[in-house]
Amino acid sequence: APSPKQQERVKANPPDPPLPRQNSKTTPPSPPKVITDKHRGLDFHRVGFLGEGGFARVYEVKDVRGTRLACKVVTKTSLKTKKAKTKLYAEIKIHRSLSHPNIVRFQDCFEDDDNVYMTLELCHSGSLMDMLRRRRRFTEPEARFFLVQLIGACNYMHTHQVIHRDLKLGNLFLDSNMNIKVGDFGLAALIENPGERKKTICGTPNYIAPEVLFDTANGHSFEVDTWSIGVILYTLLIGRPPFQTKDVKDIYTRIRDNVYEFPPERRISADSRDCITSILTPDPQQRPTLLEIIASPFIDLGIVPPFIPLSAHDAPPDFR
Ligand code: ADP
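A quick note: this is a predicted structure, and the numbers were derived from the prediction, not measured.

**Details of the sheet that holds strand 3 (residues 57-62)**
Here is step 1: The 6 strands lie next to each other as 1-2-3-4-6-5, forming an open sheet whose pairing is antiparallel. Where the open sheet ends on each side, the last strands, each with one partner, are strand 1 (34-37) and strand 5 (106-111). Looking at each pair of strands side by side, their axes are set apart by 35 degrees on average, direction ignored.
Here is step 2: Strands strand 4 (68-75), strand 5 and strand 6 (115-121) of the sheet are contacted by helix 2 (residues 82-96), whose axis makes an angle of about 25 degrees with strand 6.

This is the structure in C-alpha cells:
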C-alpha cells in the first residue's frame, strides 16, 4: 500500500489521464449505431454484439423492415496489407457464391470510410460448441442429425469447388429450429483447376488433417474437410476432441501418429466407433467419401431424428 506521503503526492499531483489507445487490436472503435449501405440506400440499426473472431467483430442489426441480421465488421485499419485484403476478398467471393439451407446465408457486403461490412443470416442459437459446453456430449441420434446436415452442406461446397478448411464445432451455428448453418469462410479455398493442390498450412489445431501438417510437398484438397467431420463426430459423442492435449506440438504429434482412444466409460456404439475410425484414416485417398459416410451403418442403420427439440439445448432428448 502506498505510504501516507505517497498518497499525498498523488493527491497533490494527480497522474495524467490515460492516453486514448491508438491502433489497439483489442478494442477497435465501435461501428456507428446506424450502419449505412450508401449505394443501396439501406440503413441497419446495430442492436447487439454477437461475438468476435480472428479479425472481425459480429453485431446483430435490424434492417428498415425490422428483419434481424448478423453484420460482420472488419476495420479498414486491419486491411492495410495486401495479404489481409486478398484474404477478405476471397472470403467474400466464396461465401457469396454459396446458397444452401445448411450454410449461413450471405446477404450483401458494403463499406464506409472505416469498415467493410458483411450482412449475414442471423443464427440466434449460438454454435454447437456453446451447446456442447452445456450438454457435455450428445446422444447418437443427435450426432446423426447434425452429421447428415453437415455432410449435406459439405457435399454442396465440394461440388462447387470450395474447401472450407476450418470445419469445427465453433463454426457450426444453429438456427432457431436447431438446424446447422456452416459459417466462417475465412479459411476457405476455391479449387479453380481440377486436381489443384493447396499448400497453405491452416486450420484449427484439434481439427487439422495430417496431410496439411505433414505432406506439405504434395499439398491437400477436399479430404481435409472429411477429416474434420471425423473429429467433429468424435467430439459430439465423447465430449472433447480426439487429439486434444495442453501442448499444441503434442496435438500435432498425435495427429501424425494417429493416436487417440475411445474412453470405455462413454460406451458409444461399435457402429459409431467404426465410422469415426474410418474417417480418421491418415491417408486422404483411403478416407471414405461423404456419400460413403452417409451410407455407413452408423447413419444408415440408426435413428436419424427428423428434427431436434429446443429442449436439447440443455438436456438430452429422448428419441425412442
Ligand atoms: P472470424 O472470421 O473473425 O473468426 P467469425 O465468422 O468466426 O469471425 O465470427 C465470430 C463470432 O461471431 C462467432 O464465433 C459467433 O459468436 C458470432 N457470429 C458469427 N456469425 C454469426 C451469425 N451469422 N449469427 C450469429 N452469430 C454469429
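**Structural notes on the environment of M178**
Here is step 1: Position of M178 relative to the elements: it lies in the loop between strand 8 (172-174) and strand 9 (180-182).
Here is step 2: M178 gets classed as buried once you look at its relative accessible area, which sits at 0%.
Here is step 3: A sequence separation of 54 residues divides M178 from H124, and the C-alpha atoms of the two residues are 9.7 Å apart.
Here is step 4: The contacts of M178, once residues within four sequence positions are left out, are M131, F145, F146, Q149, I308, P309, L310, A312 and H313.

**Describing the layout of surface pockets**
Here is step 1: Volume-wise, the second largest pocket comes out at about 460 Å³.
Here is step 2: Around the second largest pocket, the lining comprises 18 residues; the ones closest to its centre are K87, A90, R165, A188 and A189.
Here is step 3: Looking at the lining of the second largest pocket, the elements with two or more residues in it are helix 2 and strand 10 (189-190).
Here is step 4: Ranked by the residues each element gives to the lining of the second largest pocket, the list is headed by helix 2, at 7 residues.
Here is step 5: Here the residues of the lining of the second largest pocket are counted per class, giving 8 nonpolar, 3 polar and 7 charged.

**Quick word on unusual backbone geometry**
Note on backbone geometry: most residues besides glycine have negative phi, and most peptide bonds are trans.
Here is step 1: Positive phi is not limited to glycine here, since D184 has a value of about 55 degrees.
Here is step 2: Exposure remark for D184: the relative accessible area of 29% places this residue in the partly exposed category.
Here is step 3: With a phi close to 50 degrees, R267 is a non-glycine residue in the positive phi region.
Here is step 4: Examined against the element boundaries, R267 turns out to sit in the loop between helix 7 (248-257) and helix 8 (270-279).
Here is step 5: R267 sits in the exposed class, given a relative accessible area of 75%.

**Digging into the nonpolar core**
Here is step 1: Counting residues in hydrophobic clusters, the biggest one holds 59 residues, and the most contacted among them are L128, F146, M157 and V182.
Here is step 2: In contact with L128, not counting residues within four places along its chain, are F138, F146, L169, L172, L174, I180 and L236.
Here is step 3: In terms of nonpolar packing, the next biggest core, distinct from the first, is built from 15 residues, L79, L88, F106 and L122 among them.

**Regarding empty space enclosed by the protein**
Here is step 1: Across all of its chains, the model carries 1 cavity of 30 Å³ or more by this definition.
Here is step 2: Put simply, the largest cavity is a space of about 80 Å³.
Here is step 3: Residue composition of the lining of the largest cavity, by class: 7 nonpolar, 3 polar and 3 charged.

**Looking at the pairing of strand 6**
Here is step 1: Across the 7 residues of strand 6, 7 count as buried, placing the element largely inside the fold.
Here is step 2: Here strand 4 runs beside strand 6; their pairing, made up of 7 bridges, is antiparallel. Note on strand 6: the bridge partner recorded for T75 is N115.
Here is step 3: Two strands pair when backbone bridges link them, and strand 5 and strand 6 are joined in this way by 5 bridges, in the antiparallel orientation. Note that in strand 6 the partner of F110 across the bridge is Y117.

**Some details on the side chain of D108**
Here is step 1: In this fold, D108 is placed in strand 5.
Here is step 2: Here R40 takes part through its side chain, which lies 3.2 Å from a polar atom of the side chain of D108.
Here is step 3: Excluding its chain neighbours within four sequence positions, the residues that come into contact with D108 are R40, Y117, M118 and T119.

**Details of the site of the ligand**
Here is step 1: As a matter of local geometry, the ligand sits amid 17 residues, with G54, K72, E121, C123 and D184 nearest to it.
Here is step 2: Relative to its unbound accessible area of 550 Å², the ligand is 84% covered by the protein chains.
Here is step 3: Of all elements in the fold, only strand 2 (42-52) and strand 4 reach the threshold of two or more residues within the shell around the ligand.
Here is step 4: The dominant element in the shell around the ligand, judged by the number of residues it contributes, is strand 2, at 3 residues.
Here is step 5: Of the residues that constitute the shell around the ligand, the class distribution is 9 nonpolar, 4 polar and 4 charged.

Cut-offs and rules
- Residues numbered from 1 in each chain as written.
- Predicted model: local features only at pLDDT ≥ 70, side-chain atom pairs only at ≥ 80, totals over all residues.
- Heavy atoms only, no water.
- Pairing = 2+ DSSP bridges.
- Helix = DSSP H or I, 4+ residues; strand = E, 2+ residues; numbered from the N terminus.
- Axes fitted to C-alpha atoms, helices over the stretch in contact; angles between N-to-C directions.
- Contact = heavy atoms within 4.5 Å.
- Buried < 20%, exposed > 50% of the residue type's maximum accessible area, 1.4 Å probe, protein only.
- 1 Å grid on protein atoms, 1.4 Å probe; cavity = no way out; pocket = protein on both sides within 12 Å on 5 of 7 lines; lining within 4 Å.
- Points joined across faces, edges and corners; volume = space filled by probe spheres on them.
- Nonpolar A, V, L, I, M, F, W, Y, C, P; charged D, E, K, R; others polar.
- Core = buried A, V, L, I, M, F, W, Y, C linked by side-chain atoms within 4.5 Å.
- Polar contact = N/O pair within 3.5 Å; in protein donor to acceptor, adjacent residues only side chain to side chain.
- Near = heavy atom within 4 Å.
- Areas by Shrake-Rupley, 256 points an atom, 1.4 Å probe, with all protein chains shown as cover.

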